[in-house]
Amino acid sequence: MKIAAAPRVYPLMNWLMVVAVVAALYAFDVFMAGVERTELKREASSLFAQGRRLESARRADAAIRLYRRALAIDRGNVEYQIALGRALASTGRYGEAAPVFDDVLDRYPDDGRGNLEMARLRRAAGHLSEAASYFHRAIYGSWLRNAQQHRIEARLELIDMLVRAGRRRELLAELLPLEDEAPDDVSLRLRIADLFMTAGSPARAAEAYRAVAARNPDDVRAWEGLGEAELQRGNYHAAQSAFVSALRRMPDSDEVRRRLRLAAQAAQLDPVSRRLPFPERLARSRRILSMTIAELQQCAPGQENAEVAGLTSRAERALHRKQFQDEDPVEAALSAAEDAWSYVQRACPAQVRQEDALALVMSRLQQRP
Amino acid sequence: MNSSEGRYTRCRRRLLSAGSRRPLKRGSILKEVAERKSPQRVRFWSHFQLSDEARIELVLSLVIGALVGLVVVAFILLTGRLAARMYPPESAAWRRVLIPALGSLVTGILLYRYFPNARGSGIPQAKFALFIGEGFIPLRTVVGKFVCCSMSLASGIALGREGPSVQIGAGIASVLARRFGLTKDRVTALLPVGCSAALAAAFNTPIAAVLFSLEEILGDMHAPVLGTVVLSSATSWVVLHLVLGDEPLFHVPAYQLVHPVEFALYAVLGIAGGLGSVLFVKLLLGIRLFFRKLPRSTVWIQPTAGGLAVGLMGWFMPQVLGVGYDFVEQVLSGDLAFKVVAALAILKIAATAISYSSGNAGGIFGPSLFIGAMIGGSVGALAHASFPGYTANPGAYALVGMGAAFAGIVRTPLTSVIMIFEMTRDYSIIVPLMISNLVSFFVSYALQREPIYEALARQEGVILPTGEARSDAEGARVGAALRQADHPLAPADTVDAALERIRASGWNALPLVDDAGVRALVTERELEAAWREGRRNIGDAYPAPVDFPFVHADQPLSMALRRMGSAGVNVLPVVSRANIRQMFGVVVLDDVLAAYGLAWEKSKSE
C-alpha cells in the first residue's frame, strides 16, 4: 500500500521506456482510429443506402431518421446532409431543412448541390430574389461530377422560376449564356428557342429554331417554331415558307395548316413588305383601314361617341385622300388605322382575336418606331 | 554536449583576454559572461530556477498528459469497436439480454479474482489514493480498470467511460512518478494531473477537465498544482486531436432563446434535473447498500445481476444499453418523442443505479449526461407543446438538462457549465445552462446533503475530506482569531523586563510598539542576544523600525500559519493594510489551531 522509498535517480532507461510506450500507444491509436473510421463509414453508408430505398418508396419520414443516423456516424458528409435536407424539404419541413443546407454552405460556400437545394428552399418560401442568388451560386459553384450538366439544369430551373414569375428581362439574361453553354441536344435547343419566344425575343427564337431545323431538317417542331417566330417578327413570307416545310413533313396537321393560312393572309395584308410597289402598298394600307373601321363600327355601333366619330371621319378622309398631296397617303391611312385599332383594343378587348391576320399585322405596325 | 564545450572554451578565452584573475572554473566563467552580457536577464531567470524534482515533475506532467491521452483514446476506440462487434447492426434482440449478462459475469470474475480495486467508477478510488493512500495506485489496478471497463462497457452495461478514465489517468501518473523516484508528496501532487489529462481526452473538454480536477478531485480552486494540471490537460487534448481530429462530443444545432419566459422554464428544468439527480443518487446508494449486505462469497456474481437487469431493460429499449451518446445526440437534435425520452430517463436511472451498485466497472458521468438529456428532452417537449411560440426546440432543453443533471449528481456546477459548453461549443445556451445548473445544484443539495462520491466512500468506511469542509477552513480569517496585544514592549523597557514579560506570556515574541506604532516583532532569542551584548533598553537594540512578519485581519488563517512557520514565531501582529505600523492586535498559534478545531487534540496530547 505504501510507496517504497525509491532512490532519486532518473535513469535514461526510464525515459527510453516512456518514449517506447508512447510510440507504441500512438501507433495502436492511429491503427484503431483508422479501423473505426472505416467501419463507421461503412455503417453510415449502409444506413444511407437504406434511407435512399425508403425515400424511393415514398417513406420520407423513415428515410429522414436513417439519414440522421448516418450523419451522426459520418459527421459532415455532404452527400448525406444534402439527402437529409432534401428529404426534409420534400415533407414540407423547410425550417429543419434550411439549417442542414446552411451547415453545408458554411463549410463549402461554393458547393453546387448545397446552393441549388438552398435555392429550391428559398423558392418554395417565395423569396425569389434570394432563390435567384442561390441559383447563380449553384450555376457558378463547384460540382463533383458532370459539372456542365448540373450547371445547365440549375440554370433551367432558374429560368423556369423566372418564367413563372413573369420576369422576362431576367429570363432573357439567363437564356443568352444558356444558349452558349448548352450542348448540341435537339430537345434542349428547342426548349431554349421556346424560352426565347416566352422572353419576347422572336428574333433570337427564330435563329435558334433555324439552327435546329438546319441540322435536323425532319424536325417538325423546329419548322413550326420557326414559323411562329417569324410570324411574331412580321416576316410573314418566311413564316409561310416555314409552315409549308412543316406541313410537308406532317401533312395531316390541321394546326399547321391553320397557321399557314394565317401567315398567307398576313403576307397578303402586310403594307410594309419590302420591294412592294407603291400602288400595292397604298391599296393594302387602305384595305387595312377599311377593315379597322369595320372593327371600330362593330365595337361602337352608331356614332354617338365623339371619339369614334372623330376616328371615323379621319379614316374617311384618309381613304379618299388624293395622291401627291403634302402627306403620304399610305402613312395617313396606316396612322388612322392604328388609332382606330387602339380604340378597339382599349374599348373592346374581347373583340380582338390574336389568331386574326389583321390583329397580327396591326400588332406589328404598332411596334414601328 | 559539444556545443556546450565550445561555448565554455570561447568564454574562457574571452575572460583571459579581459585579464580576469579569478580561478577559471567552468560554472563561474559562464556565469560571469552571462552577468557581463545582461545582469538583469540573469536576475530575471533566477526566479524560474527549479529544483531537480520540480523540473522532473514539470516534465512528467507533459509526459503524463501525452501518455494518459493516448491510453484514454485507446480505451475509447477499443470500447467502441468491441461494442460494434457485440451488437452488429440489425442484430437479434436476444443479444441485448445475453451479452450484458455474460459480459458482467466475466468482468465480475476478473474483478473479484485479479483486480478488486478496479470496481466502480474510479473517481472515489482516485480520491482515496490522493487523500489517504499517499498517491499510490498500482499498475495492476490501471490494467484491470482498462480491461474490465472495456469489456463491461462494450457488453452494454449502462455505465460511462469517463470515471474509469480518471482512475486510469491518476494511476498512470502514480506509476510514472514512482518509477522516476519522486517523493510521496510529489507523487500525490501528480494524481490530479493524471485525472485532468484523462478527462480532457475522455470528454474532449480541456478546460472542464482542469476545473473538475480542482473542484471535485482536490476540492480547492486555488490548488498550487494548477499549472501542471493545465499543462497535462492541454497535452492530452492535443494528443486526442492528433489521433481523432477536431470533433466535439456532441454536434448540436445552434440554439437561441426564443422568449425571456424561457428563463422560467429553464429554472423548472433545473428543479426537474435536481429531483432526478436526487432520485438517481438515493437509488444508487440504496441498491449498493443492499448488495453490500449480501454474503462476501457472492461478490463475483453480483455484477451479473446488474448485467441481467440491464439486458432485460435493453430487450424493450435498446437505447438503455451502453453509454448511449448516439441517442443523446439524436435527442439534442430535437429528433425525439416525449414518451420515449421520458421512459428512457426513468429506465436509465434504474439501469445505471443497478449496474453500478452491483459492482460493475464503469462510471456515472456519461449516464448523468444521458439522464439529464432525457429529463431535459421531456421537459422541453412538454414546454414546446404547451407554449410553441415562446419556447425553443426541445433539443435545447435536452442540452441544458445534461448540465443540470451533471451539476445535481456530481455537484460540480462550474465544471458542469464549462463542460457542456465545451462539449457542444454553443455559447448561446450558457445563461440558461447557468440558471438550470444552479437550481438543480441547490435542489439536489437540499434533498441529499452528501455528494455522491463522499457517500460512496462512506459506504466503504472511508471519510474523505469534502471540498465544502476544506473551503470552510480556508474561509476562516485572521480577524476571527484576533486578540488584543495586552502587554506590548516599549522602547524604554529594559531587556531584562522584556525577557521576563515574554517568558510570562507563553509566546516566543512580542511586538515592540512606539508612538508611531509597531517598530519590530522582538523574539525571545533576539532579546537574549541583546542581553548578552549588554544592551540596557530595547530601544537601543531597535533604534528605528525594522521589517517584521505580520498579517492582515482579512487574510486566511492558513496564511498566518505559514508566516509563523517561516518566521519561527508563535505570535504575529495584525496590522492595517493602509499603514503596517498600525496594529489592531495579535494572532496567536493556539487561537489559529482552535479556529481549525484542533484545540481539543492539543490539550489532549498535552
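Fair warning: this is a prediction, and the values are worked out from it, not measured in the lab.

Across its full length, chain A carries 17 helices and zero strands. Looking at the 369 residues of chain A, the share that counts as buried comes to 37%. Within chain A, contacts between residues separated by at least 24 positions form 47% of all contacts whose residues are at least 6 apart in sequence.

The next thing to look at is the overall build of chain B. Across its full length, chain B carries 27 helices and five strands. Per-residue burial for chain B yields a buried fraction of 51% across its 606 residues. Intrachain contacts of chain B at a sequence separation of at least 6 include 78% that bridge at least 24 residues.

On to the pairing of strand β4 (residues 571-575) of chain B. A large share of β4 of chain B lies buried, amounting to five of its five residues. Along β4 of chain B, one buried face is formed by V571, P573 and V575 of chain B and the opposite face, lined by L572 and V574 of chain B, is buried too.

What follows concerns helix α7 (residues 139-154) of chain B. Residue and element names in this part refer to chain B. With 16 residues, α7 extends 22 Å between its outermost C-alpha atoms, agreeing within 8% with the 22 Å of an ideal straight helix rising 1.5 Å per residue. Among the 16 residues of α7, twelve are classified as buried, and the element is accordingly described as predominantly covered. All buried positions along α7 are accounted for by T141, V142, G144, K145, F146, C148, C149, S150, M151, S152, L153 and A154. Taken from the residues just after α7, G156 is the one with a positive phi, measuring 105°.

Let us look at the interface of chain A and chain B. Contacts between chain A and chain B engage 28 residues on the former and 33 residues on the latter. Taken together, the elements giving at least two residues each to the side of chain A that touches chain B come down to α1 (12-56) and α2 (60-73) of chain A. With 16 residues, the single largest contributor to the side of chain A that touches chain B is α1 of chain A. Grouping the constituent residues of the side of chain A that touches chain B by class yields 18 nonpolar, two polar and eight charged.

Residue and element names in this part refer to chain A. Position of C299 relative to the elements: it lies in helix α14 (residues 278-299). For C299, a count of 20 C-beta atoms within 10 Å corresponds to the buried category. Note: C-alpha distance between C299 and A350 (51 residues apart in sequence) is 9.8 Å. Contact partners of C299, with chain neighbours within four places excluded, come to V344, A347, C348 and Q351.

What follows is about the packing of helix α15 (residues 338-357) of chain B against helix α16 (residues 365-386) of chain B. All names here are of chain B. At a closest axis distance of 8 Å, the pairing of α15 and α16 adopts a crossing angle of 155°. Taken together, α15 and α16 sit at an angle that is classed as roughly antiparallel. Note on packing geometry: the crossing formed by α15 with α16 is left-handed. The residues of α16 that touch α15, namely those facing F338, V341, A342, L344, A345, K348, I349 and T352, are P367, F370, I371, M374, I375, G377, S378, A381 and L382. Along the lines of polarity and charge, the residues of the contact of α15 with α16 split into 13 nonpolar, three polar and one charged.

Now for the nonpolar core. Looking at soluble globular proteins, one finds that nonpolar side chains tend to be buried together. Judged by nonpolar contacts, the single largest core of 150 residues is most densely connected at I64, V72, V73, I172, A198, A201 and L399 of chain B. Broken down by element, the residue count for this core peaks at 16 residues, all from helix α4 (residues 52-86) of chain B. Counting contributing residues, this core receives three or more from each of domain 2 (53-244) and domain 3 (262-471) of chain B. Residues contacting A201 of chain B, with those up to four places away along its chain left out, are V68, G69, V72, V73, S236, W237, V239 and L240 of chain B. Core analysis: the next-biggest nonpolar cluster, separate from the first, contains 91 residues, A222, F243, A333 and A337 of chain A among them.

Let us now look at unusual backbone geometry. Residue and element names in this part refer to chain A. Phi is positive for R58, which is not a glycine, with a value near 60°. If you trace the backbone, R58 turns up in the loop between α1 and α2. On the basis of neighbour counts, which here come to 8 C-beta atoms within 10 Å, the residue R58 falls in the exposed class.

All names here are of chain B. Taken over all residues, the pLDDT of chain B has a mean of 84, while the share at 70 or more is 87%. Here helix α27 (residues 599-605) stands out as the least confident element of chain B, with mean pLDDT 42; helix α12 (residues 262-293) is the most confident, with 95. When the criterion is pLDDT under 50, residues 15-30 qualifies, and its contacts beyond four places in sequence or with other chains add up to twelve contacts. Across residues 599-606, confidence stays below pLDDT 50; counting only partners more than four residues off in sequence or on other chains, it has three contacts.

Moving on to the packing of helix α5 (residues 93-113) of chain B against helix α13 (residues 302-316) of chain B. Residues and elements named next belong to chain B. It is at 7 Å that the axes of α5 and α13 come closest, and there the two elements cross at 165°. The pairing of α5 with α13 is recorded here as roughly antiparallel in orientation. In terms of crossing hand, the pair formed by α5 and α13 is right-handed. Facing A93, R96, V97, L98, P100, A101, G103, S104, L105, T107 and G108 of α5, the residues of α13 in contact are Q302, P303, T304, G306, G307, L308, V310, G311, L312, G314 and W315. Looking at the contact of α5 with α13 residue by residue, the classes come out as eleven nonpolar, ten polar and one charged.

This part covers the sheet that holds strand β1 (residues 482-483) of chain B. Hydrogen bonding along the main chain pairs the strands of a sheet, whether they run parallel or antiparallel. Residues and elements named next belong to chain B. Taken together, the three strands give an open sheet; going across it, the order is β1-β5-β4, and neighbouring strands pair in antiparallel fashion. Edge positions in the sheet fall to β1 and β4, since each of these pairs with one other strand and no more. Here five bridges tie β4 to strand β5 (residues 583-588), and the two strands are oriented antiparallel to one another. Counterpart to P573 in the pairing with β5 is V586.

All names here are of chain A. Across its 14 residues, helix α8 (residues 168-181) extends 20 Å between first and last C-alpha, which sits within 8% of the 20 Å expected from 1.5 Å per residue. Listed as buried for α8 are L171, E174, L175 and L178. The arc that holds the buried residues of α8, viewed along the axis, is 110°, so those residues lie on one side. Seen from the buried face of α8, the exposed residues on the opposite side, beyond 90 degrees, are R169, P177 and D180. Taken together, the buried residues of α8 touch α7 (147-165) and α9 (186-198).

Attention now moves to the environment of E355 of chain A. Locating E355 of chain A in the fold gives a position in the loop between α16 (329-347) and α17 (357-366). Linking E355 of chain A and R259 of chain A, residues 96 residues apart in sequence, is a C-alpha distance of 8.5 Å.

Right, let's talk about the confidence of the model for chain A for a bit. Interpretation of this model should avoid reading the predicted coordinates in detail wherever pLDDT is low. Averaged over all residues, the pLDDT of chain A equals 86, while 94% of them reach at least 70. Scored below 50 in pLDDT, residues 1-7 of chain A shows twelve contacts in the model against residues more than four places distant or in partner chains.

Take the pairing of strand β2 (residues 509-514) of chain B next. Sheet topology places β2 of chain B next to strand β3 (residues 517-523) of chain B; six bridges connect them, and they run antiparallel. From the neighbouring strand, P511 of chain B faces β3 of chain B, where its bridge partner is L521 of chain B.

Residues and elements named next belong to chain A. Positionally, A199 belongs in the loop between α9 and α10 (202-215). Classification of A199 as buried rests on a count of 23 C-beta atoms within 10 Å. Residues A199 and G166 lie 33 residues apart in sequence; the distance between their C-alpha atoms is 8.7 Å.

Rules behind the numbers
- Residues numbered from 1 in each chain as written.
- Chains lettered and ligands numbered in written order.
- Predicted model: local features only at pLDDT ≥ 70, side-chain atom pairs only at ≥ 80, totals over all residues.
- Helix = DSSP H or I, 4+ residues; strand = E, 2+ residues; numbered from the N terminus.
- Buried ≥ 20, exposed ≤ 12 C-beta atoms within 10 Å, placed from the backbone.
- Contact = placed C-beta atoms within 7 Å.
- Expected span 1.5 Å × (residues − 1).
- Nonpolar A, V, L, I, M, F, W, Y, C, P; charged D, E, K, R; others polar.
- Axes fitted to C-alpha atoms, helices over the stretch in contact; angles between N-to-C directions.
- Parallel < 35°, antiparallel > 145°, perpendicular 65-115°, else oblique.
- Left-handed = near helix turned anticlockwise from the far one by under 90°.
- Core = buried A, V, L, I, M, F, W, Y, C linked by C-beta atoms within 7 Å.
- Domains from an automatic or database assignment.
- pLDDT = per-residue confidence, 0-100.
- Pairing = 2+ DSSP bridges.
- Arc of directions from axis to C-beta.

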